[in-house]
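What follows is the residue order along each chain.
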Amino acid sequence: MELCSQLAYSRSLWPGKGYFYYVDNNGAKKALATDKTYLRSGKSSFTEAFSSNYAMKNTSVHDLATSNIQYIEECYVPPFVNEINCQFSLRIKANSICPDLCNDLSIKNILCQLSDLYADNGGYKELAYRYAKNLLMGNWLWKNQDCRGYSITIHLSDGELLTIKDAHKLDWNASWKEEDSDTLTQLTDFIANALANKSKYGYMDVTACLAVGGGDEVIPSQEFIQDKKSKYPNRQFSKVKFNDQTDTVAFHSQKIGAALQLIDDWWLDDVSDKRLRVNEYGSDRSDVVARRHPTLANDFYTLIQRSEEWIDNLQRNHQITDEIHFIMAVLVKGGLFNKTT
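Here goes a summary of the coordinates provided.

Definitions and limits used
Residues numbered from 1 in each chain as written. Predicted model: local features only at pLDDT ≥ 70, side-chain atom pairs only at ≥ 80, totals over all residues. Heavy atoms only, no water. Helix = DSSP H or I, 4+ residues; strand = E, 2+ residues; numbered from the N terminus. Buried < 20%, exposed > 50% of the residue type's maximum accessible area, 1.4 Å probe, protein only. Contact = heavy atoms within 4.5 Å. Lys, Arg positive; Asp, Glu negative; His and termini not counted. Charge placed at Lys NZ, Arg CZ, Asp CG, Glu CD. Pairing = 2+ DSSP bridges. Phe/Tyr/Trp six-rings, centres within 6.5 Å; stacked < 30°, edge-to-face > 60°. Axes fitted to C-alpha atoms, helices over the stretch in contact; angles between N-to-C directions. Left-handed = near helix turned anticlockwise from the far one by under 90°. Nonpolar A, V, L, I, M, F, W, Y, C, P; charged D, E, K, R; others polar. Salt bridge = Lys/Arg side-chain N within 4 Å of Asp/Glu carboxyl O.

### Some words on the overall build of the chain
Consideration 1: The helix and strand tally for the chain stands at seven helices and 18 strands.
Consideration 2: Taken over the C-alpha atoms alone, the chain extends approximately 70 × 60 × 40 Å along its principal axes.
Consideration 3: Every one of the 341 residues in the chain was classed for burial, and the buried ones make up 42%.
Consideration 4: Partitioning the intrachain contacts of the chain with sequence separation of at least 6 by distance along the chain shows that 72% fall at a separation of at least 24.
Consideration 5: Computed over 38 positive and 44 negative side-chain charges, the separation of the two mean positions in the chain equals 7 Å.

### A few points about the sheet that holds strand β1 (residues 7-9)
Consideration 1: Spatial strand order, β8-β1-β18: three strands in an open sheet with antiparallel pairing. Only two strands of the sheet have a single neighbouring strand rather than two, namely β8 (101-102) and β18 (335-336).
Consideration 2: In the sheet, β1 pairs with β18 via two bridges, with the strands oriented antiparallel. Counted as the bridge partner of alanine 8 is leucine 336 from β18.

### What about helix α4 (residues 253-260)?
Consideration 1: Most of α4 is tucked away, with six of its eight residues classed as buried.
Consideration 2: Three or more residues of α4 are buried, namely Ser253, Ile256, Gly257, Ala258, Ala259 and Leu260.

### Considering the packing of aromatic side chains
Consideration 1: What the rule picks out here adds up to 14 aromatic pairs.
Consideration 2: Between the aromatic rings of tyrosine 9 and phenylalanine 337, the centroid separation amounts to 6.1 Å while the plane-to-plane angle is 55°, which identifies the pairing as tilted. Highlighted residues: tyrosine 9 in strand β1 and phenylalanine 337 in the segment after β18, separated in sequence by 328 residues. There is no split in this pair, since tyrosine 9 and phenylalanine 337 are both buried.

### What to know about unusual backbone geometry
Consideration 1: Phi at phenylalanine 80 is positive, roughly 70°, even though this residue is not glycine.
Consideration 2: Inspection of the secondary structure assignment puts phenylalanine 80 in the loop between β6 (67-74) and β7 (83-92).
Consideration 3: Take phenylalanine 80: its relative accessible area is 85%, and that puts it in the exposed class.
Consideration 4: The phi angle at histidine 318 is positive, at roughly 55°, despite the residue not being glycine.
Consideration 5: When you line up the elements, histidine 318 lands in the loop between α6 (307-317) and α7 (322-333).
Consideration 6: The class for histidine 318 is exposed, based on a relative accessible area of 54%.

### Considering the packing of helix α1 (residues 105-120) against α6
Consideration 1: With their axes 10 Å apart at the nearest point, α1 and α6 run at an angle of 35° to one another. Relative to α6, the crossing made by α1 is left-handed. Facing Ile110, Leu111, Gln113, Leu114, Leu117 and Tyr118 of α1, the residues of α6 in contact are Ser307, Glu308, Trp310, Ile311, Leu314 and Gln315.
Consideration 2: Looking at the contact of α1 with α6 residue by residue, the class counts come to eight nonpolar, three polar and one charged.

### Quick look at the pattern of salt bridges
Consideration 1: Applying the stated criterion to the full structure yields 15 salt bridges.
Consideration 2: Glutamate 309 serves as the salt-bridge partner of arginine 306, at 2.8 Å between the closest nitrogen and oxygen.
Consideration 3: Overlapping salt bridges bring together Lys274, Asp284, Asp287 and Arg291 as one network.

Nothing here speaks to function; it is all geometry.
Printed below as a string of C-alpha cells:
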C-alpha cells in the first residue's frame, strides 16, 4: 500500500491545560502565583572562553568573573502550605478507527480494515493499558513528581471515581498491589472502550494531590519567548485565570499529552528499557537520536506501507505484532501523513 497525497487523522486523546492550586484553611481554592526575580549568573558556558574549534578566545581573567543579569519568573509553594493540586481534563474519542481525510478510497478501506481487526483482537486494550499507567503514575507531573509524595484521583464520565493513594511508589515495570492493579484494570477498560467504539466518547477529570513544604519550587510549563524585551522576564511560565481572576501557573496541554504518549518500547533492542514518546521516527530527545530511522525499516511510514501484510497476519493468526501496536499508536496520536511529490 502506498500513501496517498491527502491523509490525516484527528488525535484520539485530547488533554486540557493542567492548572495548579492549593486549598486554604477555609476550604477556598487559591492560585499559585509567580515571583519575578533578577539573578546574577556567573559566566559558565563553553562559548564564553572558547571557539568551536577549542581555540581560546582573547578574554581576561576579569571578563570571565563578571555576571550575566537574568530576569525570570519563579513559582514557590506559599509558607505553611503542605499540599498543592494539579488538575486537567481528558477527552477520548475513537478517531483512529478511520481517517479524517483521505483522497483514495482503496487506501481508506485498507486502513479502516486494519483498525477494525486491531479492535477485534483487543489491540486498543494494550494501548489503553499504557495510557492508564502514565495517568495513574502521575508521569504528566514531570519534575513535580520529585516531591514528598502524591496521590491521583480520576473522575470518569460514567460516574466512577478512581484513586491511587501512593502513586509516587508505583513503577512501570514492577508489579502493583492488588488494589492499585484493580484501579489500573478499570481505567484501562474505560479508555479502551472509548478508543475502539465511535459511540463510546469518554472524558475524565484527573487531579494530583502533592505533599509539599512551604517554599518548595513548582515547575509548570515554560512559554517560548521569541521577542525578549527588557521589561518582561526572559523566562515566563504558562498561566490560566483562576476563580478570582488571578493567574495560576499551568501545564500546556501538549506537555501533558507528551507524557501520556510515553508508551513506545516496541522499538527496543536487548539492552535498553527506555519508553519513547510516540513519534513517526522514534525521536529520542534525551539522546538526540531517531530510534526509528528509515534505514532501520521500523519507522511509521515504512511500516504502514505494509498494512495489507498486517491485515493478513491478523486474519490468519489473530496475533498483534509490535509493529501493528506502533502503527495504531501513531494513528491515535493523529497527524498529517500525506505523501507529497
